[in-house]
Amino acid sequence: MTHQADSAQSLILVGSGGHARVLLSTLLLLGRRVLGSVDPDKSRAELLGIPHLGGDDAVFRYEPAGVLLVNGVGSVASIANRLRVYESFRKRGYDFASVIHPGAIIAAEVQLADGVQIMAGAILQAGCVIEENCIINTGARLDHGCVIHAHAHVAPGAVLSGEVHVGTRAHIGAGAIVIQGVHIGSDTIVGAGAVVLSHVPQSCTVVGVPARPIKVKA
Ligand SMILES: CC(C)(COP(=O)(O)OP(=O)(O)OC[C@H]1O[C@@H](n2cnc3c(N)ncnc32)[C@H](O)[C@@H]1OP(=O)(O)O)[C@@H](O)C(=O)NCCC(=O)NCCS
């Protein structure tokens, strides 16, 4: 894993909803050069206050070596659109920049893959590993040795105790608490405010205190 450090490279923001707005604010704070956003919805994109470059295809006007992308598509339980953006542009040779808010506290030994997004107030303690395209959202706290697999989202204010593993594409809901050593399966959703006391298998949804499975709408 590398920690992408090319802070001079120009950026294109993909998407223009709420998550994109928060990322843009961080990028401007960091003094990054953002060429504009791409989004099929022009009126929404214009609200960001940066140039709207066009729909997603507008990215192809730029050589992959000349820009980095920022995945501005958020994920509230469903990761599908965010994943599609990431994988389709990676296939075409584009790389995604990591976005790390200066107000996040990250221990020196933490490993961050390219394209991770660590938002304001997040705390990542020693030994955490964050794989590609993950979001560690506002004020989330990860204690020692947590491993967050690719494309997972730890939502605002969630607390992961030591050595918690979060599977690929999983979602840990806002304000959820996961006790030490618990493994959350891939594609699983932990509901907002849940307290997770034991391992959760893949592809299910758990809510409540203590967390229990619920039926998911078709
Ligand atoms: C868990 C979640 C995905 C379920 O969504 P859903 O599949 O649409 O489920 P529903 O809203 O139909 O709820 C199904 C049942 O579970 C209950 N429920 C849903 N979410 C719950 C939660 N977080 N805690 C406790 N109960 C919950 C509902 O009250 C409902 O109960 P009922 O059948 O007795 O009426 C969603 O409620 C949630 O918590 N999402 C996380 C949001 C988040 O993290 N946002 C941060 C974005 S940055």
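Asker: In this structure, what is going on with the pattern of salt bridges? I would like to understand it.
Answerer: Pairing is possible between side chains of opposite charge, provided their charged atoms come close. Counted under the stated rule, the structure contains four salt bridges. Residue arginine 44 pairs with aspartate 39 through a salt bridge whose shortest N-O separation is 2.8 Å. We note a salt bridge from aspartate 187 to arginine 169, for which the minimum N-O separation is 2.6 Å. Here aspartate 187 is found in the loop between strand E19 (183-184) and strand E20 (189-190), whereas its partner arginine 169 is found in the loop between strand E16 (165-166) and strand E17 (171-172), with 18 residues between them in sequence.

Asker: Would you explain the side chain of serine 16 in this entry?
Answerer: Looking at the element boundaries, serine 16 is found in the loop between strand E1 (10-14) and helix H1 (18-29). Of the polar contacts made by the side chain of serine 16, one reaches the side chain of aspartate 39; its length is 2.6 Å.

Asker: Can you help me understand the pairing of strand E2 (residues 34-38) in this one?
Answerer: Taken residue by residue, a regular strand's side chains alternate between the two faces of the sheet. Counting buried residues along E2, five of its five residues qualify, which places the element largely inside the surrounding structure. The sheet contact formed by E1 and E2 spans four bridges and is parallel. Within E2, the residue paired with leucine 11 across the bridge is valine 34. One crossover worth recording links E1 to the parallel E2 by way of H1, and it is right-handed. Across two bridges, the pairing between E2 and strand E3 (residues 52-54) is parallel. When the sheet's bridge partners are listed, valine 38 is paired in E3 with glycine 54.

Conventions we followed
Residues numbered from 1 in each chain as written. Predicted model: local features only at pLDDT ≥ 70, side-chain atom pairs only at ≥ 80, totals over all residues. Heavy atoms only, no water. Salt bridge = Lys/Arg side-chain N within 4 Å of Asp/Glu carboxyl O. Helix = DSSP H or I, 4+ residues; strand = E, 2+ residues; numbered from the N terminus. Polar contact = N/O pair within 3.5 Å; in protein donor to acceptor, adjacent residues only side chain to side chain. Buried < 20%, exposed > 50% of the residue type's maximum accessible area, 1.4 Å probe, protein only. Pairing = 2+ DSSP bridges. Right-handed = clockwise from strand over helix to strand, strands pointing away.

By themselves these figures say nothing about function.
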